[in-house]
Amino acid sequence: QVQLVESGGGLVQAGGSLRLSCAASGRTSSTYRMGWVRQARGKGREFVAAISWNGAVTDYADSIKGRFTISKDIAKNTVYLQMNSLKPEDPAVYYCSTGRPGILRGQYDYWGQGTQVTVSS
């Protein structure tokens, strides 16, 4: 069983910042890629960002490129999403994910419980 524990969500004003964290444990591997997907209320899931197992390669959705930064602490097997300049369209439940090597924004094998991000203005 792979376990993903997410934290860092909350309420922030438009233009503000949040930092999401996700710690992976269990049957995961240090060679697995990790990423973030979000789902707004009443809508489908949307790819946000992903990072390779060694942190060397990243991929971002066009809607957040230049505002969000994904990073990884390899020793802790923890991924972060630094969210700056938050916009009204960013509120959603953000899900951490991990999976076997492949296309960064492709299919993932495991998902966290999600953390809520709310933007006010």
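Each remark here, short or long, concerns the structure printed above.
Computed from a predicted model, the values in this text were never measured in an experiment. (Residues numbered from 1 in each chain as written. Predicted model: local features only at pLDDT ≥ 70, side-chain atom pairs only at ≥ 80, totals over all residues. Heavy atoms only, no water.)

Q: A description of the sheet that holds strand β1 (residues 2-7) should follow, citing residues and the corresponding values.
A: Reading across the sheet, the four strands line up as β1-β3-β8-β7 and stay open at both edges, with antiparallel pairing between neighbours. In the strand order of this sheet, the two ends are held by β1 and β7 (68-73), each with one partner. Direction aside, neighbouring strands of the sheet carry axes that sit 15° apart on average. Where strand β3 (residues 18-26) and strand β8 (residues 78-83) come together, six bridges link them in antiparallel fashion. Note that in β8 the partner of L20 across the bridge is L81. (Pairing = 2+ DSSP bridges. Helix = DSSP H or I, 4+ residues; strand = E, 2+ residues; numbered from the N terminus. Axes fitted to C-alpha atoms, helices over the stretch in contact; angles between N-to-C directions.)

Q: Outline the pattern of salt bridges, listing residues and values.
A: If you walk through the whole model with that rule in mind, you get six salt bridges. Between D62 and K65 there is a salt bridge, and its shortest N-O distance comes to 3.7 Å. Note on accessibility: D62 and K65 belong to one class, exposed. With its nearest N and O atoms 3.2 Å apart, the salt bridge here joins D109 to R100. (Salt bridge = Lys/Arg side-chain N within 4 Å of Asp/Glu carboxyl O. Buried < 20%, exposed > 50% of the residue type's maximum accessible area, 1.4 Å probe, protein only.)

Q: Describe in detail the pairing of β7, supporting the description with residues and values.
A: Where burial is concerned, the two faces of β7 differ: the one with F68, I70 and K72 is buried and the one with T69, S71 and D73 is not. Judged from the six bridges that link them, β7 and β8 form a sheet pairing that is antiparallel. Of the residues in β8, the one forming a bridge with K72 is V79. Here β7 folds back onto β8 in antiparallel fashion, the turn holding four residues, of which N77 has a positive phi close to 50°.

Q: Explain the packing of aromatic side chains residue by residue, including any values.
A: With the rule as written, the count across this model stands at one aromatic pair. The ring of Y95 carries the charged tip of R45 above its face, separated from the ring centre by 4.2 Å. Across from the ring centre of W111, 4.9 Å away, lies the NZ or CZ of R45, which sits over that ring. (Phe/Tyr/Trp six-rings, centres within 6.5 Å; stacked < 30°, edge-to-face > 60°. Lys NZ or Arg CZ within 6 Å of the ring centre and 35° of its normal.)

Q: Any details on the side chain of R38? Residues and values, ideally.
A: Relative to the assigned elements, R38 resides in strand β4 (residues 33-39). Only 2.9 Å separates the side chain of R38 from the side chain of Y94, close enough to count as a polar contact. If sequence neighbours within four positions are ignored, R38 has contacts with G44, R45, E46, V48, S63, I64, F68, E89, D90, A92, V93 and Y94. (Polar contact = N/O pair within 3.5 Å; in protein donor to acceptor, adjacent residues only side chain to side chain. Contact = heavy atoms within 4.5 Å.)

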